[in-house]
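# Working through the structure, step by step
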Amino acid sequence: MAHSLPALDWSLDALAPVLSTEQLDFHYNKHHNTYIVNLNKLLDGTGLEGESLESLITNLAQVPEAKRTAVFNNAAQHFNHSFYWKSLSPKSAGPGPKTIAALTAGFGSVDDFKKQFSEKAVTVFGSGWAWLVKKADGSLAIQQTSNAGCPLTDGNVPLLTFDVWEHASSVDYRNLRAKYCEEIWKIVNWEHIESRV
Ligand code: MN
C-alpha cells in the first residue's frame, strides 16, 4: 500500500499564534507531502511498497543500492514529520508524573531539560531536528540529527522532536530559530511524551 499523509489530531488553525495556518499548511501539505510522493515513486516496482517506514529506515540493505540514500531521506523525513505533528498539541497541559520523574532524573529538572533541549535545537548546524529520546538502557538523552537523520537509526525511541529546518518556521519567524524554539514549548504535546516515556 502506498504511503500517505497521516491525518492530524488537530486542525491547521489550532496551533496559532505559535504556528499559523499558513505556516502549517505549507509545511504539512507541501513539504511533508512531497517526501511521501517521492518515497512512493522510489519504491514503485521494487517490491518494497508494503514495507513500513521503520523497516525502510533501519534496514536499508533491502533497498536497491542506487536508491538507498533517496529512500532513506524520504522515508525518514516522512517519519520525522509524522512524529513532529504528534509532538504538538493545542491542548498543551504540561508534563505528566512519569515525564517529570524521568526529566528530573535525566536533566535535573523539567526547566533544566527545556533549557538544554532548546539550546540543542537552536544550535543544530544547518537543517535538522532536535529529539528527546529514550535509549536502549532506558535513560533519556537529547539528540541532534542533520537533514533527514532519525533516532531510529541508533535504536533510540523518540519522545519529542522539534523540526529546525528553516521551512518549519520561516513563514512565522523568518530567520529567528531561537524565537521559534522558545514559543513552540507552548504547544508541546506532553501527553504524547507521557504515553511513551
Ligand atoms: Mn519540516
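Moving on to the sheet that holds strand β2 (residues 140–146). Taken in spatial order, the 3 strands of this open sheet run β2-β1-β3, and their pairing is antiparallel. Two strands in the sheet have a free side with no partner beyond their single neighbour: β2 and β3 (157–163). On average, each strand axis in the sheet is inclined to that of its neighbour by 25°, with strand direction left out of account. Note that strand β1 (residues 128–134) and β2 share 7 bridges and pair antiparallel. Bridged to Lys134 within β2 is Leu140. Sitting on the sheet, helix α3 (residues 68–86) is in contact with β1 and β3, with an inclination near 85° to β3.

This brings us to the packing of helix α1 (residues 21–43) against α3. Helix packing geometry: the angle between the two helix axes and the distance between the axes. Orientation of α1 relative to α3, taken along the N-to-C sense of each, is 145°, at an axis distance of 9 Å. The handedness of the crossing between α1 and α3 is left-handed. Listed contacts from α3 to Leu24, His27, Tyr28, His32, Tyr35, Ile36, Asn38, Leu39, Leu42 and Leu43 of α1 are Ala70, Val71, Asn74, Ala75, Gln77, His78, His81, Ser82, Tyr84 and Trp85. Residue composition of the contact of α1 with α3, grouped by class: 12 nonpolar, 8 polar and no charged.

Further remarks concern the coordination of the manganese ion. All of the protein donors around the manganese ion are His27 (NE2), His81 (NE2), Asp163 (OD) and His167 (NE2); their distances to the metal are 2.0 to 2.2 Å. Between the donor residues of the manganese ion, the gaps in sequence give the motif H-x53-H-x81-D-x3-H. Of the two residues, His27 sits in helix α1 while Asp163 sits in strand β3, which places them 136 residues apart along the sequence. As far as burial versus exposure is concerned, His27 and Asp163 are alike and both buried.

Next up on the list: the packing of aromatic side chains. All told, the structure shown has 15 aromatic pairs when counted by the stated rule. Both rings, one in Phe107 and one in Phe113, keep their centres 5.1 Å apart while their planes meet at 45°; by these two values the pair is tilted. What links up through ring pairs into an aromatic cluster is the set Trp10, Tyr28, Phe79, Phe83, Tyr84, Trp85, Trp129 and Trp131.

Moving on, we get to the domain arrangement of the protein chain. Looking at the protein chain, the domain boundaries give domain 1 (21–86) and domain 2 (97–196). A separation of 21 Å is found between the C-alpha centroids of domain 1 and domain 2. With 19 residues of domain 1 at the contact, the number on the domain 2 side is 26 residues. Here domain 1 meets domain 2 over a buried area of about 1800 Å², counting both sides, of which 67% is carbon and sulfur. When the buried area of domain 1 at its contact with domain 2 is split by residue, Gln23, Phe83 and Tyr84 rank highest and sum to 37% of it. Inspection of the region where domain 1 meets domain 2 yields 0 salt bridges. Put simply, domain 1 and domain 2 have 13 residue pairs in polar contact (both at pLDDT 80 or more) between them. Of the residues forming the side of domain 1 that touches domain 2, the biggest block, 10 residues, is contributed by α3. Residue composition of the side of domain 1 that touches domain 2, grouped by class: 8 nonpolar, 8 polar and 3 charged.

Most of β2 sits inside the fold, with 5 of its 7 residues counted as buried. Between β1 and the antiparallel strand that follows it, β2, lie 5 residues; Gly138 among them carries a positive phi value of about 90°.

Rules and cut-offs
Residues numbered from 1 in each chain as written. Predicted model: local features only at pLDDT ≥ 70, side-chain atom pairs only at ≥ 80, totals over all residues. Heavy atoms only, no water. Pairing = 2+ DSSP bridges. Helix = DSSP H or I, 4+ residues; strand = E, 2+ residues; numbered from the N terminus. Axes fitted to C-alpha atoms, helices over the stretch in contact; angles between N-to-C directions. Contact = heavy atoms within 4.5 Å. Left-handed = near helix turned anticlockwise from the far one by under 90°. Nonpolar A, V, L, I, M, F, W, Y, C, P; charged D, E, K, R; others polar. Donors = N, O, S within 2.8 Å, 3.2 Å for Na, K, Ca; no water. Buried < 20%, exposed > 50% of the residue type's maximum accessible area, 1.4 Å probe, protein only. Phe/Tyr/Trp six-rings, centres within 6.5 Å; stacked < 30°, edge-to-face > 60°. Domains from an automatic or database assignment. Buried area = accessible area lost by both parts, 1.4 Å probe. Salt bridge = Lys/Arg side-chain N within 4 Å of Asp/Glu carboxyl O. Polar contact = N/O pair within 3.5 Å; in protein donor to acceptor, adjacent residues only side chain to side chain.

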